[in-house]
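Analysis of the macromolecular model
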Amino acid sequence: MTVVTRRSRAVLPFAVIAALAASLPLLALALRSHPGQPSSATVPAPKATAGVRLPPRGGLVLARESGRLGVALSARPALGRRLALTVTLLGPDGSGASGRRVSVQGGGRRVEATPCRAGCYEASLPSAARRVVVLVAGRPVPFELPERTLPAAALVHRMDSAIRRARSLVIDERLASSPTHAIQARFAVAAPNRLTYRIAGGAQAVVIGGRRWDRASTREQWVRSSQTPLRLPAPTWTAVRDARLVAADRRAFTVTFLDPAIPAWFTVRADRRTFRPAEVRMVAAAHFMRDRYSRYDVPIQIRPPSRAG
């Protein structure tokens, strides 16, 4: 459950705040007050995310947004030189989008997908298919499959450690719930428990240990409240499944994986030498996020705002 003040709630329409802030680790941490404090508004979490049927383990997992839907694809080798495909559709309310007409196209074939419980659809194509197009009610969502992938759980673990060891960093975030509802925000994070963020044209907050200050715009006064102390910096994901290395060059590598705890599908590009992420993309129910990470270990001063309440 995410709690926001009345001033924070005024930044966006209630439905958009609910969609954007309910389950994302970074923004939810920034908006979450101390559980013992009174609140003027409670934002419900997306419904029934636990009911989404996740794909079988062991596949290459990719995801994109399509309108208000999250569209995820899992591809696995199958018998008879086939490619077994599982499509997961995430509805804007957090549940699996069932009852849709879904087909897949690739390798010169187009086949109808078979429903497999909440938001899940299964099909197969020739194993030579490198471009798979998922069609949801005729609307195409293309996926490019790399010719070769490698297991990447160890790489994700090293990225996780690299983030947690950082003394500071800056994250520029675009977070959308649909093609027409999106926010831009900048987070400055300093170990071990300091954070400040500013939503473009909207709210600001400063979090220092067990204290925080919020205001809905630069024209309003800061409001002080209590805050559950955060452990920062921290990765956006909480669990990792089906991590695969999908691209690499001399400077960077790219991995994809599924976080079944949210659930969310990630694509992360990281520095090959330091393992520090440079870009993190996430697709979840009504949460379409792109984070750009920069200014690792650059000194950041995060202090209580002047004239704070």
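Scoring rules and cut-offs
- Per chain, residues are indexed from 1 in the order of the written sequence.
- With the structure being a predicted model, the display of local features is reserved for residues of pLDDT at least 70 and the display and counting of side-chain atom pairs for 80 or more, all residues being used for whole-chain, interface and lining totals.
- Values reported for side chains reflect all heavy atoms of the structure, with hydrogen atoms and water molecules removed beforehand.
- Among the buried residues, those of types Ala, Val, Leu, Ile, Met, Phe, Trp, Tyr and Cys that are joined through side-chain atoms within 4.5 Å form a nonpolar core.
- Buried means the residue's accessible area, taken with a 1.4 Å probe over protein chains only, is under 20% of the maximum for its type, while exposed means over 50%, and partly exposed covers the values in between.
- A helix here means a DSSP run of H or I that spans at least four residues, while a strand means a run of E at least two residues long, and both kinds are numbered starting from the N terminus.
- Any two residues having at least one pair of non-hydrogen atoms within 4.5 Å are treated as being in contact.
- Any two strands are treated as partners once DSSP identifies two or more bridges connecting them.
- Summary of the metric used: pLDDT quantifies the predictor's per-residue confidence within the range 0 to 100.
- Definition used for salt bridges: Asp or Glu carboxyl oxygen within 4 Å of a side-chain nitrogen of Lys or Arg.
- Fitted lines through C-alpha atoms give the axes, limited to the stretch in contact for helices. The angle between two N-to-C directions lies from 0 to 180 degrees.
- Identification of polar contacts relies on pairs of N or O atoms within 3.5 Å, with a donor-acceptor requirement for protein atoms, meaning one able to donate a hydrogen and the other able to accept it, and with residues adjacent in sequence counted only if both atoms are side-chain atoms.
- Stacked, edge-to-face and tilted are the three classes for Phe, Tyr and Trp ring pairs, Trp counted by its six-membered ring, which pair at centre distances within 6.5 Å; planes under 30 degrees apart are stacked, over 60 edge-to-face, the rest tilted.

Among the nonpolar cores identified, the biggest contains 40 residues, and Met 159, Trp 237, Phe 253, Val 255, Phe 257, Phe 266 and Val 268 are the most heavily contacted of them. At 5 residues, helix 4 (residues 153–165) tops the list of elements feeding residues into this core. Beyond its immediate stretch of four places on either side in the chain, Phe 266 contacts Thr 236, Trp 237, Val 255, Thr 256, Phe 257, Asp 259, Val 280, Arg 281 and Met 282. Grouped together as the second largest cluster of nonpolar side chains are 25 residues, Leu 73, Ala 75, Ala 97 and Tyr 121 included.

Quick look at the pairing of strand 4 (residues 69–78) now. Where a strand is regular, its side chains alternate between the two sheet faces. Burial runs high along strand 4: 8 of the 10 residues are buried. One ladder, built from 7 bridges, connects strand 3 (residues 60–66) with strand 4; its direction is antiparallel. Each residue of the ladder has a partner; that of Val 61, found in strand 4, is Ser 74. Two successive antiparallel strands, strand 3 and strand 4, enclose a turn made up of 2 residues, where Gly 67 displays a positive phi of approximately 65 degrees. One ladder, built from 9 bridges, connects strand 4 with strand 5 (residues 82–90); its direction is antiparallel. Residue Ala 72 lies in a different strand from strand 5, and its bridge partner there is Thr 88.

Attention shifts here to the confidence of the model for the protein chain. When the pLDDT values of the protein chain are averaged, the result is 84; 83% of them are 70 or greater. Low confidence marks residues 28–50, where pLDDT is under 50. Its contacts with residues over four positions away, or in another chain, come to 62 contacts.

Our next topic: unusual backbone geometry. What is expected of a backbone is that most residues other than glycine have negative phi and most peptide bonds are trans. Looking along the chain, the bond that leaves Ala 191 and enters Pro 192 is cis, with omega of 0 degrees. With respect to the element layout, Pro 192 can be found in the loop between strand 14 (181–190) and strand 15 (194–199). In the segment running from Ile 262 into Pro 263, the intervening peptide bond is cis, with an omega of -15 degrees. Counting through the fold element by element, Pro 263 comes out in the loop between strand 20 (252–259) and strand 21 (264–271). Of note in this structure, Asp 242 is not a glycine but carries a positive phi near 60 degrees.

Our next topic: the pattern of salt bridges. Within this structure, the stated rule accounts for 8 salt bridges. A salt bridge links Arg 212 to Asp 214, with the shortest nitrogen-to-oxygen separation between them at 2.7 Å. This pair shows no difference in class: Arg 212 is buried, exactly as Asp 214 is. Look at the salt bridges and you will find they share partners, linking Glu 279, Arg 281 and Arg 292 into a network.

This brings us to the sheet that holds strand 11 (residues 139–144). Strand order across the open sheet formed by 4 strands is 7-6-10-11, with antiparallel pairing between neighbours. Of all the strands in the sheet, the pair left with one neighbour each is strand 7 (109–112) and strand 11. The mean angle between the axes of side-by-side strands here comes to 20 degrees, regardless of whether they run parallel or antiparallel.

Let us now look at the side chain of Asp 242. Residue position: Asp 242 is located in strand 19 (residues 241–248). Within the local environment of Asp 242, its side chain forms a polar contact with the backbone nitrogen of Gly 58, the two atoms lying 2.8 Å apart. Setting aside residues up to four positions removed in sequence, Asp 242 forms contacts with Pro 56, Arg 57, Gly 58, Gly 59, Val 61, Thr 256 and Phe 257.

Our focus in this paragraph is the pairing of strand 9 (residues 120–126). When you tally the buried positions in strand 9, you get 5 out of 7 residues, the bulk of the element. Examined bridge by bridge, strand 5 and strand 9 share 7 bridges and lie antiparallel to one another. The residue of strand 9 that forms the bridge with Val 87 is Tyr 121. Counted between consecutive antiparallel strands, the loop separating strand 8 (residues 114–115) from strand 9 contains 4 residues, among which Arg 117 sits at a positive phi close to 80 degrees.

A ring pair, where both rings are aromatic, is described by two values, the distance of the centres and the angle of the planes. Using the criterion set out here, one finds 5 aromatic pairs in the structure. Measuring from ring centre to ring centre gives 5.5 Å for Phe 187 and Tyr 197, while their planes differ by 35 degrees; the resulting arrangement is tilted. Of the two residues, Phe 187 sits in strand 14 while Tyr 197 sits in strand 15, which places them 10 residues apart along the sequence. Like Phe 187, the residue Tyr 197 is buried in the burial classification. Measuring from centroid to centroid gives 5.2 Å for Phe 257 and Phe 266, while their planes differ by 15 degrees, and the two rings are stacked. Relative accessible area serves as the criterion here: at 0%, Phe 257 is assigned to the buried category. Following the ring pairs from residue to residue traces out a cluster consisting of Trp 237, Phe 257 and Phe 266.

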